[in-house]
Amino acid sequence: MPKVSISGSGCRPFIGEQTEFEVEATSFRRLIKELDARFPGLGEHVEETMAVAIDGEIHQDAYGLQLPPDSEIFLIPKIGGG
Amino acid sequence: MNFVANKSELKVVGTRPVRPDGIDKVTGKAMFGADLTMAGTLTGKVLRSPHAHARIVAIDASKALALPGVKAVITAADFPEISSEEAAAGDGAVNFRHMAHNVLARDKVLYEGHAVAAVAATSQAIADAAAALIEITYEVLPFVIDVEAAMADGAPLLHDDIKYNGKPSNITKRVEFKLGDADAGLAEADVVVEGRYETTAVHQGYIEPHAVIASVNPDGQTQIFASSQGQFMIRQYVSKILAMDIANIRVTPAEIGGGFGGKTLVYLEPLAVALSRKAGKPVKMVMNREEVFRATGPTSGGVMTVKIGAKKDGTITGATIDIALQAGAFPGSPVAPACMCAFACYDLKNVRASGFDVVSNRSKIAAYRAPGAPISAFGVESAMDDLATKLGMDPIALREKNAAKAGTKAAYGPVFPEIGFEQVLEAAKSHPHWSAPLGPNQGRGVATGFWFNIGGDSSASVFVNEDGTISVVSGSPDIGGSRASMAMMAAEVLGVPYEKVRPIVGDTAQIGITGMTGGSRVTFATGMATVQAAEKVVDELKKRAAMIWDISPEAVDWKDGEAVPAGANAGGFDPMPLAAIAAKAGKTGGPIGSEVSINAQGAGAGFGAHICDVEVDPETGFVKVLRYTAVQDVGRAIHPSYVEGQIQGGAVQGIGWALNEEYLYDKNGRMDNAGFLDYRVPVASDLPMIEAVVVEVPNKRHPFGVRGVGEVPIIPPLAAVGNAIKAAIGVRMHSLPMSPPKILAAIDGKA
Amino acid sequence: MPRLSYAAPASVPDAIKLLAGAEGLAKVLSGGTDLLVQLRSGRTRPELIVDTKKIPGIIGIRETEDGFVIGAATSGAEIGENAALVAAYPGVVEGTNLIGSTQVQGRASLAGNLCNASPAADSVPALIAAGAVAVVVGPNGQRNVPVGQIVIAPGRTSLAKGEFILEFHLPKPKAKQSDAYLRFIPRTEMDIAVVGCGVNLTLDANGVITAACIVLGAVAPTQVVVEAAAKAIIGTKLDDAALAALDAAARAACNPITDKRGTIEFRTKIAGVLARRAAKIAYDRAGAR
C-alpha cells in the first residue's frame, strides 16, 4: 500500500493538519478517487492543483501513472515556469 | 528509444550547427508579431487607467465613435461575465475571471495602466485621438503599493471577495512547506545567522513588445498572429475570455523577441479579437514600451526573513524562511515555488518555508524565468554566505557539506533521484576563477540555485519528403534555439545529416496541442515527442525496406540513415539509404510520416553555481562586474552554443536584477520609470563575457539525457553579486537593487 | 488632426524667416536625437520642423588663429575624430562623446544638447568651463552669447522666437591649459548623468594653477559655475588640501533634487568626488602640454 505525503499547506481546508496517509491505490486515478472518498473535494483539488513525485520523479496530469506497492508518493503543488 | 549513455555514439547531438532561423533574424526578414500585414487592417489602441485604484463610474465613448475613421470601441461590457471559477489550464491553475478583468477592467481599475477600453481605427493617429475622446468617470480610491503596507490592518482593499482568516484582506493565501522541526533544529545549532531581505518588482525586459494581429470572420472563424510563448495558450485563453469555440480560433506564433515568462498569458489578443469582431476587419495592436512596463506583468517584489543554524563543522541543523510576495492587482505571486526552491539545494532534516501571497495596486505579476526562486535564493544564499563567514568555512565547502544528492529528501517533499549538484559544486571549486587573485576594492561571491524543470504536453510530427529530406513540425515557439535542437534530435534518430532536416513551429491547426514554451521544458518534452515521432518513422522505413527486399520486417535494422539486413541470414542486400526508400514510398504503402502527442513525465531538476567578481568604487558605490562564471548541470547539451546562450542570458538578467533594476512608483501610485532610460537593464558594455560551464549529469528519462537549462541561470546571480559586494566592501546588502546610492550609504555607514 | 510640416532651408536668412514666421510651435532639427524621441512620445507637438543641416557651415569644424569654430549641427562622432580639437579640448570632446551611445553619436550635436536645456546635458559643463561662445542668429541679427547664458531653466533657453545657434567658438587654449569632463551614471552607457562636472585649468611653468573654472551639471536647475571651487585651487598645485577644499566647495554649490536618478544626498556627495577627479585629470593634461 503506497504511503502518500502531502507537501505544502494547500490541502489543509480538506484534511486539516494531517499530511501523511496510506492509500489503497495502484494508479494515480485510483488515488484521486480514494482521497475524494475519504475527504470530499480533496481528490479534485489534488487533480487540478498538484503534481505527484514518485522516487523523485515528478509527474503532472498523469491518471495512468502506476503507483508501485510500497512506494513513497509525494503530492506537491503543480509547477509552472517562465 | 532507450537513453543513449555513451556520448561518443552521438553524431549530431552535441554539435553546433547554425540555427535554421538565423539568417532571417540577422537580415531582418524574420516575421515578428508586428510584421504581418493583411488587407484592410485597422490599428487598435488601448485606453488605460491614470489612477492606481478607482471605481469606474461611467464610460462614454460617443465622441470617439463619432470620429471619422473609428470602426469600433470596446469595454468590459463587450466581454462575457465569468463567474468565480478556477479552471486548470496548462501548468497550474488559471483564474479566467481575474485574467479577463486584467485584460479589460470591469467595475474597478486596480493599477495605473489597467486597460479600460480599446478602439480600432483606420490609422494610428485616429486611434490615438479616439482613445483620448473616450470619457471615463472615475471615483478615485486610496491605493496601496508596498507589500507590507498592503498586509497591514486598514490597508485599502482591492477585492471584496478575498478573505484571510475570515476577514477581508489583501492577503490571498498562506503557504507552508516543512520537514521535521525547524525551530528545534535551530535551537541545537552552534551558530545561527538571521537576515531580513527585500526585493522589488523587476520586468522580464524582452526587447520585443507585445504585438498581435487578429482577424475575425462573420462566421466566427478567427485568425491570430501574435508574439507569444504559447499559441495553444492564446487559443484557449481567448476562447475562455470571449466564450468562443476553440475550433474557430487558429493561432500562429510569430518569431519572438524574448518572453522569459512574460508572454505566457494574454493582454492584447482578446482585445484585438473583440475589436475585429465588432469592426469586421483585421485589427493590429502593438504595445509601446511604456505600456509594456505599466501594464504587463513584472515579477513579484517582496520581503523575507531567513534563519539558518549550523553546527561548528558546517552541518546545517535547521533553517527557516518567511516570505511575503506581492502579486500585483490579482492573486498569484510565485510564493509557493519561492518556498519550495528556497532550500532545495541542501540536505536538511529540519526546515520550514512559509509565505504570503498579497495583492496591491500595481500591475499583475507574470512568470519570470524560474518564478519565485531567484527571490528566495537571494535571501537564502546571502545567509549561507554569512554562515560560511561566521563558521570560518569556504563558501563552496559549506554547500558541499550540506549538498542534496540522490536519495536526499528535498526540502519541498520528494526524494531526489540522480541529480548533479555535487558535480556542479566540484566544477565551480576547481575552476580557475575560484582561485584567481583579486585586487583592492574587489570581492568574490558564490551562490547556488535549483529549479524543478517541467515536462507536460508536447506534440511533434516527422515527415519524409520525396527526396529523402525530412520535415519536422513541433508545437513549441522557439525562444532559445529549440527548433534547431528538434532537428538535431530527429537527425540523430534517423541517422541523417542535420542539413537534411528542416524544422518549423506549427500553428494550432498544423500540430497537436503543445504546452507553452517555458518551465525549461521544450528540449525535454517536445524533444521527447520529436524523438518518438522519428522512431516511428524509422520503424516504418524498416518495414518499407523489408517490403522492397521481400523479407520480414524483423530482419531489417536501421544504421546511419540506411536500412540494412539484420544478419547474414536476412540476405545479402546492400544497405538502402533513406532517400531510396522515400522514392518508393507511394508504392510501398503511401507517404511516410508520424505524429506524436505526449504528456512528458520524468523531467529532471537542474542546479547551478555562479562565481562573481566585482570591483566597487568606494567613493561612488559604482559596481563593476569584473568576471562571471556560471556553472550548471543541464543533463545533456543538445546544441551546446544555445545551452551556453541560455546560461549567459539568465546570468545577465540576474545581474541586472541585482544591481540596478527596479520598479519605482511616484506618490500617486504611478510607475515613475516606465522606459529603458530609467529602468536600468544591463547594457553590453556593463558586463564581461559570461563564461558558461556546462556540466552533464544526464536525466535518463530522456533519450538523450536532457534536463532543461533556461531557468536555473537566473537564480544564483542575485546573491552571487551580493556576496561579491559584501567581500569587496565588508557590508551585507539586504535590499535589491544594490544600486550605487545604497552601496555608498552602506560604505559610509560602516566608516 | 495634428499637422506637421518639415522644411530644410539652405541659408541662414531662409531659416530665420521660417522660424520667425511660424504660427504654431516650430522646432529646430539638428541631429534629432532629442527631438525625434520627444515627437514619438508626444512630449512635444510642433507644427513645423526646421532642419538646419543644409545651411552652409553649420556642419564642420574649422581651426582659426583665434581658436575653433564648430558648426552647431556637427555630430559628436565628427567632433571626436578631430585630432586638433581633441588635443586642445579633451574635456569638451569627451563630454560630447558621452551623449547616448555610438549610434546616437552619429547625429547628436552641441546645439541640440545645449538647447534641449537639460540640467544633465553632458556637453555643456565643459563648454562653459572653456569659455565657449554660441553665435546666435535671428530676426534681429547676430549676437554672441556665452554658452552659460543660453539655458535659463530646465527645458527653456534664452533664445527669442526665430533665433537659432549657428556655430560655437572656442578660444585657442593657453600653453598649459586643458580640461576634463566626468559624469556619474549607474551603468556604463545610455544613462542620463546623475552628476556631471567639467573642469578647465591653466597652469604656469611651475605647475601652479593660475586660472580655473569648475562647472557642475545635474545638481541644479541649470549648470552651476562654482566660483568658490575655482578660488580653492587657484594658486595651488592641487595638493590634498586644495582638493579637499575643492570637494567641499563643489558640494556646497549643489542644489539638486531627489528623483528617480539620484537623491540630494547622493548627488551632493558625488559632485565633490567628480570635481576632485576631473580637476586631477585636467591638471595632468595641462601639465603634459
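Everything that follows concerns the structure shown earlier in this document.
Nothing here was measured: the structure is a model prediction, and the numbers come from that model. (Residues numbered from 1 in each chain as written. Chains lettered and ligands numbered in written order. Predicted model: local features only at pLDDT ≥ 70, side-chain atom pairs only at ≥ 80, totals over all residues.)

## A few points about the pairing of strand β29 (residues 623-633) of chain B
The side chains of a regular strand alternate between both faces of the sheet.
Residues and elements named next belong to chain B.
Link 1 in the chain: Across the 11 residues of β29, 8 count as buried, placing the element largely inside the fold.
Link 2 in the chain: One ladder, built from 9 bridges, connects strand β28 (residues 606-616) with β29; its direction is antiparallel. Bridging from a neighbouring strand, Ile611 pairs with Thr629 of β29.
Link 3 in the chain: Where β28 folds back on β29, the antiparallel hairpin that results is connected by 6 residues, among which Gly621 adopts a positive phi of roughly 80°.
Link 4 in the chain: With 6 bridges connecting them, β29 and strand β30 (residues 690-695) associate as parallel partners. What sits directly across from Tyr628, in β30, is Ile690.
Link 5 in the chain: As a crossover connection, the stretch from β29 through helix α19 (residues 640-659) into β30 is right-handed. (Buried ≥ 20, exposed ≤ 12 C-beta atoms within 10 Å, placed from the backbone. Helix = DSSP H or I, 4+ residues; strand = E, 2+ residues; numbered from the N terminus. Pairing = 2+ DSSP bridges. Right-handed = clockwise from strand over helix to strand, strands pointing away.)

## Things to note about the interface of chain B and chain A
Link 1 in the chain: The partner chain A presents 25 residues to the 39 residues of chain B that form the contact.
Link 2 in the chain: Those elements that provide at least two residues to the side of chain B that touches chain A are β11 (171-179) and α10 (335-342) of chain B.
Link 3 in the chain: Classifying every residue of the side of chain B that touches chain A by side-chain character gives 20 nonpolar, 12 polar and 7 charged. (Contact = placed C-beta atoms within 7 Å. Nonpolar A, V, L, I, M, F, W, Y, C, P; charged D, E, K, R; others polar.)

## Digging into the sheet that holds strand β14 (residues 224-225) of chain C
Residues and elements named next belong to chain C.
Link 1 in the chain: Pairing in this open sheet of 4 strands is antiparallel, and the strands run β11-β12-β13-β14 from one edge to the other. Of all the strands in the sheet, just β11 (177-184) and β14 have a single pairing partner and so form its edges.
Link 2 in the chain: In terms of strand pairing, strand β12 (residues 195-203) meets strand β13 (residues 209-217) through 8 bridges, oriented antiparallel. The residue bridging Gly196 from the neighbouring strand is Gly217, located in β13.
Link 3 in the chain: Relative to the sheet, helix α11 (residues 264-288) contacts β11, β12 and β13, its axis offset from that of β12 by approximately 30°. (Axes fitted to C-alpha atoms, helices over the stretch in contact; angles between N-to-C directions.)

## As for the arrangement of the chains
Link 1 in the chain: Ranked by contact count, the leading pair among the 2 pairs of chains in contact consists of chains A and B.
Link 2 in the chain: Chain A shows no contact with chain C. Their nearest C-alpha atoms sit 27 Å apart.

## Remarks on α19(B)
One full turn of an α-helix is made of 3.6 residues, so residues set three or four places apart face in the same direction.
Link 1 in the chain: Between its first and last C-alpha, α19(B) extends 28 Å over 20 residues, near the 28 Å set by a 1.5 Å rise per residue.
Link 2 in the chain: With respect to burial, α19(B) is a largely interior element, 15 of its 20 residues being buried. (Expected span 1.5 Å × (residues − 1).)

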